[in-house]
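Structural description and commentary
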Amino acid sequence: MNQPLIDDKELQRMAPEKLVAGFTQTPVIRFAVLALVLHVLVIGGTSVPYVYYQLINPEAGEARRVEREARAKAEQDARLKAAAGRSEPASAPEAT
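The text that follows walks through the structure, step by step, so that each part is easy to find. Here the structure is a predicted model, which is why all the values come from computation and not from measurement. Position numbers for residues count from 1 along each chain, tracking the sequence in the order it is written. For this predicted model, a pLDDT threshold of at least 70 governs which residues receive local features, and a threshold of 80 or more governs which side-chain atom pairs are given and counted, while totals over whole chains, interfaces and linings are taken from all residues. The side-chain figures draw on all heavy atoms in the structure; neither hydrogens nor water molecules are used.

Attention now moves to the overall build of the protein. Secondary structure counts use DSSP, requiring at least four H or I residues in a row for a helix and at least two E residues in a row for a strand, with both numbered from the N terminus. When helices and strands are tallied, the protein shows six helices and zero strands. Reading the helices (α) and strands (β) of the protein from amino to carboxyl end gives α-α-α-α-α-α. Per-residue accessibility, obtained with a 1.4 Å probe over protein chains only, is compared with the maximum for each type, and a residue is labelled buried under 20%, exposed over 50%, and partly exposed between these values. In the protein, which comprises 96 residues, the share counted as buried stands at 1%. When the accessible area of the protein is evaluated, it comes to approximately 9,300 Å², of which 62% is carbon and sulfur surface. Areas reported as accessible are Shrake-Rupley estimates using a 1.4 Å probe. Residue values count occlusion only from the protein chains shown.

Encoded structure:
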């Protein structure tokens, strides 16, 4: 037969605090602090370029923006030129 691990008399003697002691001793606060620190590190780490180019050195941020726009315009001009080269029809035969 299945014999219970703790008999009824012993169970009645145990206080509820003792029964849930294993659940209450988990390091919830430690995990919460660890999660907070990790979030600060990740968010702070991904914000470094923004902070640098917006707050610390805005001139470098402006130069970077101008360079990015010039590169985008050059790419767009190259695409338009390539598209124009493809859309030109071959010499059309003349009607007689």
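Further notes follow.
Here we take up the pattern of salt bridges. In what follows, salt bridge is the name for a side-chain nitrogen of Lys or Arg lying within 4 Å of a carboxyl oxygen of Asp or Glu. Under the counting rule described, the total for this entry stands at four salt bridges. A salt bridge links Arg71 to Glu67; its shortest N-O distance comes to 3.4 Å. Here Glu67 and Arg71 lie together in helix H6 (residues 58-87), a separation of four residues that amounts to about one turn. Of the charged contacts, one joins Lys73 and Asp77 as a salt bridge, the two residues approaching to 3.6 Å between their closest N and O atoms. You can see Lys73 and its partner Asp77 sitting in helix H6, four residues apart, about one turn around the helix. For Asp77, a relative accessible area of 37% corresponds to the partly exposed category. A single salt-bridge network, built from bridges that share partners, covers Glu62, Arg65 and Glu69.

Between 30 and 60 degrees the pair is tilted, below 30 it is stacked and above 60 it is edge-to-face, where a pair is any two Phe, Tyr or Trp rings, Trp via its six-membered ring, whose centres lie within 6.5 Å. This model, assessed by the stated rule, comprises one aromatic pair. Note on Tyr52 and Tyr53: the rings are 4.9 Å apart at their centroids and 80 degrees apart in plane angle, and the pair reads as edge-to-face. For Tyr53, a relative accessible area of 25% puts it in the partly exposed group.

Residues enter patches when they are more than 30% accessible in relative terms and free of salt bridges; like-charged ones are connected within 9 Å and nonpolar ones (Val, Leu, Ile, Met, Phe, Trp, Tyr) within 5 Å. Together, Ile29, Phe31, Val33, Leu34, Val37, Leu38 and Leu41 make up an exposed nonpolar region whose accessible area comes to about 710 Å². On the basis of relative accessibility, which here comes to 45%, the residue Leu34 falls in the partly exposed class.

Read these as layout, nothing more, since geometry by itself doesn't imply function.
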